[in-house]
Amino acid sequence: MPFKTDAVIRRAERDDLDTVVGWMSEPDFQYFLYGDPAQSPRQIRERIVSMLGRAPGQTMPGGVQLMIDSPSLGPVGLVALQNISWRNRSCSLDIYIGRTHLRNRMVTAVAVLRALEYAFDELNLHRVGAFIYAFNTASWRIFEMSGAKRELVLRRQVLRDGVLHDVYGYGVLREEFDEARRVRSRLVESASLEEMVKSLPADDEEPKA
Amino acid sequence: MIVGQHTVIRTAERDDARFLRAAYLGSALRASLLDVRKEPVQPTREELEELLGSKETARGLFYAVEDLEGRVCGFCGLRGVNQESLFAEVFFLFLSPEMEAGAGGEEAVQFVLGQAFNRLHLAKVTILVLDGETGLGALLARAGFACEGAQRQAVHARGVWHDVQTWTCFREAAEAPDNHTGGCHALQD
(Lines give C-alpha, C1' and ligand atoms only; values in the text may rest on other atoms or scores of the structure.)
Protein backbone atom coordinates (compact mmCIF):
# COMPACT_ATOMS: atom_id res chain seq x y z
CA MET A 1 0.00 0.00 0.00
CA PRO A 2 1.50 3.34 -0.96
CA PHE A 3 0.24 5.07 2.14
CA LYS A 4 -0.83 3.54 5.42
CA THR A 5 -1.08 4.84 8.93
CA ASP A 6 -3.43 3.92 11.75
CA ALA A 7 -6.11 5.32 9.54
CA VAL A 8 -5.90 3.35 6.35
CA ILE A 9 -5.76 5.55 3.30
CA ARG A 10 -4.63 3.90 0.11
CA ARG A 11 -4.56 4.77 -3.53
CA ALA A 12 -7.85 4.15 -5.30
CA GLU A 13 -7.72 1.31 -7.81
CA ARG A 14 -9.79 -0.06 -10.65
CA ASP A 15 -11.36 -2.52 -8.23
CA ASP A 16 -12.89 0.47 -6.43
CA LEU A 17 -14.73 1.57 -9.54
CA ASP A 18 -18.16 0.19 -8.67
CA THR A 19 -17.96 1.57 -5.13
CA VAL A 20 -16.98 5.05 -6.25
CA VAL A 21 -19.56 5.13 -9.05
CA GLY A 22 -22.17 4.16 -6.47
CA TRP A 23 -21.12 7.00 -4.17
CA MET A 24 -21.02 9.56 -6.96
CA SER A 25 -24.56 8.59 -7.97
CA GLU A 26 -25.88 9.31 -4.49
CA PRO A 27 -27.92 12.49 -4.01
CA ASP A 28 -25.77 13.35 -0.99
CA PHE A 29 -22.62 13.35 -3.08
CA GLN A 30 -24.17 15.70 -5.60
CA TYR A 31 -25.64 17.88 -2.85
CA PHE A 32 -22.46 18.35 -0.82
CA LEU A 33 -19.83 18.10 -3.54
CA TYR A 34 -20.64 18.17 -7.24
CA GLY A 35 -22.25 16.27 -10.07
CA ASP A 36 -25.29 16.31 -12.27
CA PRO A 37 -28.32 14.16 -11.33
CA ALA A 38 -29.04 13.73 -15.03
CA GLN A 39 -25.65 12.13 -15.64
CA SER A 40 -25.93 8.49 -16.64
CA PRO A 41 -24.04 5.82 -14.66
CA ARG A 42 -21.97 5.23 -17.78
CA GLN A 43 -20.86 8.87 -17.87
CA ILE A 44 -19.99 8.74 -14.19
CA ARG A 45 -18.05 5.53 -14.76
CA GLU A 46 -16.08 7.05 -17.61
CA ARG A 47 -15.23 10.03 -15.44
CA ILE A 48 -14.05 7.83 -12.60
CA VAL A 49 -11.97 5.69 -14.94
CA SER A 50 -10.17 8.81 -16.11
CA MET A 51 -9.63 9.88 -12.49
CA LEU A 52 -8.27 6.50 -11.46
CA GLY A 53 -6.10 6.15 -14.54
CA ARG A 54 -2.52 5.53 -13.57
CA ALA A 55 0.00 8.13 -14.68
CA PRO A 56 3.12 6.82 -16.40
CA GLY A 57 6.10 6.21 -14.17
CA GLN A 58 8.03 9.30 -13.11
CA THR A 59 5.17 11.55 -14.15
CA MET A 60 3.97 13.98 -11.51
CA PRO A 61 0.19 13.49 -11.45
CA GLY A 62 -2.26 16.36 -11.48
CA GLY A 63 -4.51 14.57 -9.03
CA VAL A 64 -4.43 11.72 -6.54
CA GLN A 65 -7.49 9.69 -5.59
CA LEU A 66 -7.32 7.86 -2.26
CA MET A 67 -9.70 5.43 -0.59
CA ILE A 68 -10.39 5.43 3.12
CA ASP A 69 -10.55 1.73 3.78
CA SER A 70 -11.37 -0.59 6.65
CA PRO A 71 -10.45 -4.28 6.69
CA SER A 72 -13.70 -5.14 8.42
CA LEU A 73 -16.14 -2.87 6.60
CA GLY A 74 -14.50 -2.29 3.26
CA PRO A 75 -14.24 1.07 1.55
CA VAL A 76 -15.48 3.90 3.76
CA GLY A 77 -14.89 7.00 1.68
CA LEU A 78 -13.00 8.84 -0.99
CA VAL A 79 -10.26 11.45 -0.66
CA ALA A 80 -9.42 13.43 -3.78
CA LEU A 81 -6.38 15.69 -3.98
CA GLN A 82 -7.07 17.62 -7.16
CA ASN A 83 -5.48 20.34 -9.26
CA ILE A 84 -2.09 19.57 -7.80
CA SER A 85 0.34 22.28 -8.81
CA TRP A 86 3.91 21.10 -8.34
CA ARG A 87 5.15 24.58 -9.11
CA ASN A 88 2.97 26.27 -6.48
CA ARG A 89 3.08 23.17 -4.27
CA SER A 90 -0.66 23.35 -3.74
CA CYS A 91 -3.78 21.29 -4.32
CA SER A 92 -7.49 21.25 -3.55
CA LEU A 93 -9.07 18.64 -1.31
CA ASP A 94 -12.43 16.85 -1.53
CA ILE A 95 -13.53 14.18 0.94
CA TYR A 96 -16.66 12.06 0.80
CA ILE A 97 -17.68 9.50 3.41
CA GLY A 98 -19.75 6.98 1.47
CA ARG A 99 -20.85 4.91 4.43
CA THR A 100 -23.63 7.10 5.75
CA HIS A 101 -23.61 5.64 9.25
CA LEU A 102 -19.92 6.51 9.55
CA ARG A 103 -20.44 10.17 8.80
CA ASN A 104 -19.71 11.28 12.30
CA ARG A 105 -17.17 13.92 13.11
CA MET A 106 -14.36 11.60 14.16
CA VAL A 107 -14.28 9.48 11.03
CA THR A 108 -14.31 12.52 8.82
CA ALA A 109 -11.88 14.40 11.06
CA VAL A 110 -9.33 11.59 10.93
CA ALA A 111 -9.77 11.27 7.18
CA VAL A 112 -9.06 15.00 6.78
CA LEU A 113 -6.09 14.71 9.11
CA ARG A 114 -4.57 11.79 7.23
CA ALA A 115 -5.20 13.41 3.86
CA LEU A 116 -3.42 16.57 5.00
CA GLU A 117 -0.55 14.53 6.42
CA TYR A 118 -0.21 12.85 3.06
CA ALA A 119 -0.32 16.17 1.20
CA PHE A 120 2.24 17.89 3.42
CA ASP A 121 4.49 15.06 4.62
CA GLU A 122 4.57 12.83 1.56
CA LEU A 123 3.83 15.09 -1.40
CA ASN A 124 5.73 18.00 0.20
CA LEU A 125 2.99 20.49 -0.65
CA HIS A 126 2.86 23.97 0.81
CA ARG A 127 -0.86 24.70 0.72
CA VAL A 128 -4.12 22.73 0.60
CA GLY A 129 -7.36 24.46 -0.27
CA ALA A 130 -10.99 23.42 -0.18
CA PHE A 131 -14.27 24.94 -1.23
CA ILE A 132 -17.04 23.96 1.18
CA TYR A 133 -20.69 24.91 0.99
CA ALA A 134 -21.72 27.15 3.87
CA PHE A 135 -24.53 24.80 4.87
CA ASN A 136 -22.07 21.92 5.27
CA THR A 137 -21.17 23.14 8.74
CA ALA A 138 -19.65 19.89 10.00
CA SER A 139 -17.17 19.77 7.13
CA TRP A 140 -15.84 23.31 7.41
CA ARG A 141 -15.58 23.03 11.18
CA ILE A 142 -13.46 19.92 10.80
CA PHE A 143 -11.27 21.67 8.26
CA GLU A 144 -10.85 24.58 10.68
CA MET A 145 -9.77 22.10 13.38
CA SER A 146 -6.97 21.08 11.05
CA GLY A 147 -5.60 24.60 11.02
CA ALA A 148 -7.36 25.86 7.89
CA LYS A 149 -8.39 29.51 7.65
CA ARG A 150 -11.52 30.75 5.97
CA GLU A 151 -10.11 32.88 3.19
CA LEU A 152 -13.09 33.47 0.94
CA VAL A 153 -16.81 33.90 1.27
CA LEU A 154 -18.32 33.50 -2.17
CA ARG A 155 -21.79 34.85 -1.70
CA ARG A 156 -24.76 33.22 -3.50
CA GLN A 157 -22.48 30.88 -5.38
CA VAL A 158 -24.17 27.48 -5.53
CA LEU A 159 -27.79 26.51 -6.21
CA ARG A 160 -29.34 23.80 -4.08
CA ASP A 161 -33.07 23.15 -3.81
CA GLY A 162 -33.81 26.40 -5.57
CA VAL A 163 -31.78 28.51 -3.14
CA LEU A 164 -28.42 30.15 -3.78
CA HIS A 165 -26.01 29.37 -0.94
CA ASP A 166 -22.66 30.85 0.02
CA VAL A 167 -19.48 28.85 -0.53
CA TYR A 168 -16.50 29.18 1.78
CA GLY A 169 -12.97 29.00 0.48
CA TYR A 170 -10.53 27.48 2.99
CA GLY A 171 -6.79 27.21 2.89
CA VAL A 172 -4.25 25.63 5.19
CA LEU A 173 -0.53 26.24 4.90
CA ARG A 174 2.04 23.71 5.97
CA GLU A 175 3.08 25.66 9.08
CA GLU A 176 -0.56 26.08 10.12
CA PHE A 177 -1.15 22.37 9.80
CA ASP A 178 2.03 21.65 11.75
CA GLU A 179 0.84 23.95 14.52
CA ALA A 180 -2.63 22.36 14.60
CA ARG A 181 -0.98 18.94 14.65
CA ARG A 182 1.26 19.97 17.53
CA VAL A 183 -1.69 21.31 19.52
CA ARG A 184 -3.70 18.18 18.86
CA SER A 185 -0.80 15.77 19.07
CA ARG A 186 -2.57 13.50 21.53
CA LEU A 187 -5.48 13.06 19.15
CA VAL A 188 -3.18 12.52 16.21
CA GLU A 189 -1.10 9.88 17.93
CA SER A 190 -4.03 7.95 19.29
CA ALA A 191 -6.50 8.36 16.45
CA SER A 192 -7.12 5.19 14.53
CA LEU A 193 -9.81 5.04 11.91
CA GLU A 194 -9.84 1.27 12.11
CA GLU A 195 -10.50 1.35 15.84
CA MET A 196 -13.18 3.97 15.44
CA VAL A 197 -14.83 2.06 12.64
CA LYS A 198 -14.87 -1.08 14.80
CA SER A 199 -16.41 0.82 17.70
CA LEU A 200 -19.24 2.23 15.59
CA PRO A 201 -22.55 0.42 15.18
CA ALA A 202 -22.99 -1.59 12.01
CA ASP A 203 -25.67 -0.69 9.46
CA ASP A 204 -28.32 -2.83 11.12
CA GLU A 205 -27.51 -1.83 14.71
CA GLU A 206 -28.98 1.01 16.71
CA PRO A 207 -26.49 3.75 17.57
CA LYS A 208 -25.05 3.43 21.04
CA ALA A 209 -26.04 6.13 23.48
CA MET B 1 -18.05 46.24 -32.82
CA ILE B 2 -18.83 48.62 -29.98
CA VAL B 3 -17.50 52.12 -30.45
CA GLY B 4 -17.22 53.92 -27.14
CA GLN B 5 -15.93 57.32 -26.15
CA HIS B 6 -12.45 55.99 -25.43
CA THR B 7 -12.26 52.51 -26.89
CA VAL B 8 -13.49 50.21 -29.61
CA ILE B 9 -14.41 46.74 -28.37
CA ARG B 10 -14.79 43.85 -30.78
CA THR B 11 -14.62 40.09 -30.83
CA ALA B 12 -11.00 38.95 -30.65
CA GLU B 13 -9.64 37.44 -33.83
CA ARG B 14 -6.84 35.17 -34.91
CA ASP B 15 -4.68 38.16 -35.84
CA ASP B 16 -4.79 39.40 -32.23
CA ALA B 17 -2.63 36.47 -31.15
CA ARG B 18 0.61 38.47 -31.32
CA PHE B 19 -0.76 41.06 -28.85
CA LEU B 20 -1.96 38.35 -26.52
CA ARG B 21 1.39 36.60 -26.83
CA ALA B 22 3.12 39.84 -25.84
CA ALA B 23 1.12 39.88 -22.61
CA TYR B 24 2.17 36.31 -21.80
CA LEU B 25 5.80 37.22 -22.42
CA GLY B 26 5.65 40.45 -20.40
CA SER B 27 7.20 40.88 -17.00
CA ALA B 28 3.94 41.56 -15.16
CA LEU B 29 2.38 38.60 -13.39
CA ARG B 30 -1.37 38.58 -14.02
CA ALA B 31 -4.09 36.32 -12.67
CA SER B 32 -5.87 36.30 -16.02
CA LEU B 33 -2.88 34.56 -17.59
CA LEU B 34 -2.62 31.72 -15.06
CA ASP B 35 -3.94 28.28 -15.90
CA VAL B 36 -6.43 26.26 -13.88
CA ARG B 37 -3.69 25.30 -11.39
CA LYS B 38 -2.75 28.96 -11.08
CA GLU B 39 0.53 28.37 -12.84
CA PRO B 40 2.01 30.84 -15.32
CA VAL B 41 1.98 29.40 -18.83
CA GLN B 42 3.58 30.44 -22.08
CA PRO B 43 1.45 29.35 -25.01
CA THR B 44 2.96 29.62 -28.45
CA ARG B 45 1.63 32.07 -30.97
CA GLU B 46 0.23 29.16 -32.96
CA GLU B 47 -1.71 27.95 -29.92
CA LEU B 48 -3.13 31.41 -29.34
CA GLU B 49 -4.07 31.72 -33.00
CA GLU B 50 -5.88 28.42 -32.72
CA LEU B 51 -7.71 29.63 -29.60
CA LEU B 52 -8.74 32.93 -31.11
CA GLY B 53 -9.59 31.38 -34.47
CA SER B 54 -11.86 28.71 -33.09
CA LYS B 55 -15.61 28.85 -33.39
CA GLU B 56 -17.36 31.29 -31.09
CA THR B 57 -18.85 28.55 -28.95
CA ALA B 58 -15.41 27.16 -28.16
CA ARG B 59 -13.77 30.54 -27.84
CA GLY B 60 -16.39 31.89 -25.45
CA LEU B 61 -16.84 35.59 -25.08
CA PHE B 62 -13.35 36.88 -25.77
CA TYR B 63 -13.00 40.51 -26.83
CA ALA B 64 -10.17 42.76 -27.94
CA VAL B 65 -10.06 46.36 -26.73
CA GLU B 66 -8.65 48.94 -29.12
CA ASP B 67 -7.97 52.61 -28.60
CA LEU B 68 -9.62 55.06 -30.98
CA GLU B 69 -6.58 54.85 -33.28
CA GLY B 70 -7.12 51.11 -33.73
CA ARG B 71 -4.25 49.89 -31.56
CA VAL B 72 -5.01 46.80 -29.50
CA CYS B 73 -4.58 47.86 -25.88
CA GLY B 74 -6.15 44.96 -24.04
CA PHE B 75 -8.51 42.05 -23.88
CA CYS B 76 -11.60 41.29 -21.82
CA GLY B 77 -14.37 38.77 -21.67
CA LEU B 78 -16.32 36.11 -19.84
CA ARG B 79 -15.55 32.45 -19.33
CA GLY B 80 -16.99 29.60 -17.33
CA VAL B 81 -20.59 30.78 -17.51
CA ASN B 82 -22.61 28.88 -14.90
CA GLN B 83 -26.21 29.06 -16.05
CA GLU B 84 -27.52 27.20 -13.02
CA SER B 85 -26.13 29.61 -10.44
CA LEU B 86 -26.19 32.56 -12.85
CA PHE B 87 -22.59 33.63 -12.56
CA ALA B 88 -19.49 33.75 -14.73
CA GLU B 89 -15.83 34.50 -14.38
CA VAL B 90 -14.69 37.62 -16.20
CA PHE B 91 -11.20 38.73 -17.12
CA PHE B 92 -9.47 41.96 -18.04
CA LEU B 93 -6.02 42.09 -19.53
CA PHE B 94 -4.77 45.58 -20.22
CA LEU B 95 -1.45 46.00 -21.94
CA SER B 96 -0.59 49.25 -20.15
CA PRO B 97 -1.18 50.60 -16.62
CA GLU B 98 -2.74 53.71 -18.16
CA MET B 99 -5.66 51.64 -19.39
CA GLU B 100 -6.42 50.42 -15.89
CA ALA B 101 -6.21 53.90 -14.46
CA GLY B 102 -8.15 55.67 -17.17
CA ALA B 103 -11.55 55.86 -18.77
CA GLY B 104 -10.66 53.22 -21.36
CA GLY B 105 -10.42 50.54 -18.70
CA GLU B 106 -13.66 51.66 -17.13
CA GLU B 107 -15.37 51.45 -20.49
CA ALA B 108 -14.16 47.89 -20.99
CA VAL B 109 -15.38 46.87 -17.53
CA GLN B 110 -18.78 48.41 -18.15
CA PHE B 111 -18.99 46.59 -21.48
CA VAL B 112 -18.30 43.21 -19.89
CA LEU B 113 -20.75 43.89 -17.06
CA GLY B 114 -23.35 44.79 -19.67
CA GLN B 115 -22.70 41.52 -21.48
CA ALA B 116 -23.03 39.59 -18.22
CA PHE B 117 -26.07 41.27 -16.75
CA ASN B 118 -28.07 42.53 -19.74
CA ARG B 119 -27.25 40.01 -22.45
CA LEU B 120 -26.70 36.81 -20.47
CA HIS B 121 -28.92 37.86 -17.53
CA LEU B 122 -26.44 36.66 -14.94
CA ALA B 123 -26.72 37.60 -11.28
CA LYS B 124 -23.02 38.08 -10.55
CA VAL B 125 -19.55 37.89 -12.00
CA THR B 126 -16.27 37.01 -10.33
CA ILE B 127 -12.66 37.66 -11.21
CA LEU B 128 -9.31 36.54 -9.83
CA VAL B 129 -6.75 39.25 -9.08
CA LEU B 130 -3.20 38.81 -7.83
CA ASP B 131 -2.16 40.85 -4.81
CA GLY B 132 0.27 42.81 -6.99
CA GLU B 133 -2.40 43.87 -9.47
CA THR B 134 -3.35 46.96 -7.51
CA GLY B 135 -4.31 49.00 -10.57
CA LEU B 136 -6.79 46.38 -11.67
CA GLY B 137 -8.17 46.11 -8.14
CA ALA B 138 -8.76 49.86 -8.01
CA LEU B 139 -10.50 49.76 -11.38
CA LEU B 140 -12.77 46.94 -10.24
CA ALA B 141 -13.62 48.77 -7.02
CA ARG B 142 -14.67 51.81 -9.03
CA ALA B 143 -16.98 49.59 -11.08
CA GLY B 144 -18.77 48.11 -8.07
CA PHE B 145 -16.73 44.96 -7.46
CA ALA B 146 -15.98 43.94 -3.88
CA CYS B 147 -13.19 41.67 -2.71
CA GLU B 148 -14.46 38.44 -1.12
CA GLY B 149 -11.09 37.40 0.27
CA ALA B 150 -7.79 35.99 -0.90
CA GLN B 151 -6.29 32.53 -1.25
CA ARG B 152 -3.03 32.97 0.62
CA GLN B 153 0.27 31.99 -0.93
CA ALA B 154 -1.47 30.27 -3.81
CA VAL B 155 1.00 31.30 -6.50
CA HIS B 156 4.78 31.05 -6.38
CA ALA B 157 6.63 33.14 -8.92
CA ARG B 158 10.10 34.67 -9.02
CA GLY B 159 10.83 33.38 -5.55
CA VAL B 160 7.84 35.07 -3.93
CA TRP B 161 4.47 33.81 -2.76
CA HIS B 162 1.44 35.69 -4.04
CA ASP B 163 -2.13 35.80 -2.75
CA VAL B 164 -4.99 35.39 -5.23
CA GLN B 165 -7.96 37.60 -4.48
CA THR B 166 -11.50 36.88 -5.63
CA TRP B 167 -13.55 39.94 -6.52
CA THR B 168 -17.29 39.80 -7.15
CA CYS B 169 -19.79 42.17 -8.67
CA PHE B 170 -23.49 41.54 -8.24
CA ARG B 171 -25.99 42.90 -10.70
CA GLU B 172 -27.41 45.31 -8.12
CA ALA B 173 -23.95 46.71 -7.32
CA ALA B 174 -23.25 47.32 -10.99
CA GLU B 175 -26.56 49.10 -11.37
CA ALA B 176 -25.84 51.40 -8.42
CA PRO B 177 -22.52 53.04 -9.36
CA ASP B 178 -22.82 55.72 -6.67
CA ASN B 179 -22.92 53.09 -4.00
CA HIS B 180 -19.53 51.52 -4.66
CA THR B 181 -17.52 50.66 -1.62
CA GLY B 182 -14.98 48.34 -3.18
CA GLY B 183 -11.78 47.71 -1.30
CA CYS B 184 -10.25 44.42 -0.41
CA HIS B 185 -10.60 43.13 3.09
CA ALA B 186 -8.81 40.26 4.73
CA LEU B 187 -11.16 37.71 6.22
CA GLN B 188 -8.47 36.27 8.45
CA ASP B 189 -5.51 37.81 10.17
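Predicted, not measured: the structure shown is a model, and the values here were computed from it.

Draft legend 1. Geometry of the overall build of chain B. For chain B, the count of helices and strands is seven helices and eight strands. Out of the 189 residues belonging to chain B, those deemed buried represent 38%. Restricting to contacts in chain B with at least 6 residues of sequence separation, those with at least 24 account for 64%.

Draft legend 2. Representation of the overall build of chain A. When you go through chain A residue by residue, the secondary structure sums to eight helices and seven strands. The buried share of chain A, taken over its 209 residues, is 36%. Restricting to contacts in chain A with at least 6 residues of sequence separation, those with at least 24 account for 60%.

Draft legend 3. Quick peek at the interface of chain B and chain A. If you look at the interface, chain B gives 21 residues, while chain A gives 24 residues. Among the elements of the structure, strand S7 (146-157) and strand S8 (160-170) of chain B are those that each provide at least two residues to the side of chain B that touches chain A. The greatest single-element share of the side of chain B that touches chain A, amounting to nine residues, is contributed by S7(B). Considering only residue class, the side of chain B that touches chain A consists of six nonpolar, eight polar and seven charged.

Draft legend 4. Examining the environment of Ala146(B) more closely. Residues and elements named next belong to chain B. Following the sequence through the fold, Ala146 ends up in strand S7. We classify Ala146 as partly exposed; it has 19 C-beta atoms within 10 Å. Sequence-wise, Ala146 and Ala173 are 27 residues apart; in three dimensions their C-alpha atoms are separated by 9.1 Å.

Draft legend 5. How the structure looks around unusual backbone geometry. In this structure, Asn83(A) is a non-glycine residue whose phi angle is positive, near 50°. Tracing the chain through its elements places Asn83(A) in strand S3 (residues 74-85). With a phi angle near 50°, Arg158(B) is a residue other than glycine that sits in the positive phi range. Mapping Arg158(B) onto the fold places it in the loop between S7 and S8.

Draft legend 6. Local environment of the pairing of strand S3 (residues 61-67) of chain B. All names here are of chain B. With five of its seven residues buried, S3 lies for the most part within the structure. Two elements, strand S2 (residues 7-11) and S3, share five bridges in a ladder whose sense is antiparallel. Looking across to S3, one finds that Thr11 is bridged to Tyr63. Note that S3 and strand S4 (residues 72-82) share six bridges and pair antiparallel.

Draft legend 7. Local environment of the environment of Ala173(B). Mapped onto the secondary structure, Ala173(B) falls in helix H7 (residues 171-174). Separated by 141 residues in sequence, Ala173(B) and Ser32(B) place their C-alpha atoms 23 Å apart.

Draft legend 8. Just the pairing of strand S5 (residues 127-133) of chain A, in detail. Residues and elements named next belong to chain A. Summarising burial for S5: five of the seven residues are buried, a large majority. Examined bridge by bridge, strand S4 (residues 90-97) and S5 share three bridges and lie parallel to one another. Counted as the bridge partner of Cys91 is Val128 from S5. Pairing between S5 and strand S7 (residues 163-173): seven bridges, direction antiparallel. The residue bridging Arg127 from the neighbouring strand is Leu173, located in S7.

Draft legend 9. The confidence of the model for chain B, seen in detail. All names here are of chain B. Per-residue pLDDT for chain B has a mean of 88; in total, 89% of the residues score no lower than 70. In the predicted structure, residues 177-189 sits below a pLDDT of 50 and forms 23 contacts with residues beyond four places in sequence or in another chain. Taken over the whole predicted complex, pTM reads 0.82, whereas the ipTM for its chain interfaces reads 0.84.

Draft legend 10. A look at the packing of helix H1 (residues 17-25) of chain B against helix H2 (residues 45-53) of chain B. All names here are of chain B. Following both chains from N to C, one finds H1 and H2 inclined at 125°, their axes separated by 9 Å at the closest point. The pairing of H1 with H2 is recorded here as oblique in orientation. Crossing hand, H1 versus H2: right-handed. Between H1, through Ala17, Arg18, Leu20 and Arg21, and H2, the contact on the second element is made entirely by Arg45, Leu48, Glu49 and Leu52. Of the residues that constitute the contact of H1 with H2, the class distribution is four nonpolar, no polar and four charged.

Draft legend 11. Quick look at the nonpolar core. All names here are of chain A. Judged by nonpolar contacts, the single largest core of 50 residues is most densely connected at Leu78, Val79, Ala111, Val112, Ala115, Leu116 and Ala119. Per-element tally for this core: the top contributor is helix H4 (residues 105-122), with 11 residues. In contact with Leu78, not counting residues within four places along its chain, are Ala12, Val20, Trp23, Gln65, Met67, Tyr96 and Gly98.

Draft legend 12. Quick peek at the confidence of the model for chain A. Averaged over all residues, the pLDDT of chain A equals 81, while 79% of them reach at least 70. Segment residues 1-6 of chain A: pLDDT under 50, and 13 contacts once partners within four positions in sequence are set aside and those in other chains are kept.

Calculation criteria
- Residues numbered from 1 in each chain as written.
- Chains lettered and ligands numbered in written order.
- Predicted model: local features only at pLDDT ≥ 70, side-chain atom pairs only at ≥ 80, totals over all residues.
- Helix = DSSP H or I, 4+ residues; strand = E, 2+ residues; numbered from the N terminus.
- Buried ≥ 20, exposed ≤ 12 C-beta atoms within 10 Å, placed from the backbone.
- Contact = placed C-beta atoms within 7 Å.
- Nonpolar A, V, L, I, M, F, W, Y, C, P; charged D, E, K, R; others polar.
- Pairing = 2+ DSSP bridges.
- pLDDT = per-residue confidence, 0-100.
- Axes fitted to C-alpha atoms, helices over the stretch in contact; angles between N-to-C directions.
- Parallel < 35°, antiparallel > 145°, perpendicular 65-115°, else oblique.
- Left-handed = near helix turned anticlockwise from the far one by under 90°.
- Core = buried A, V, L, I, M, F, W, Y, C linked by C-beta atoms within 7 Å.

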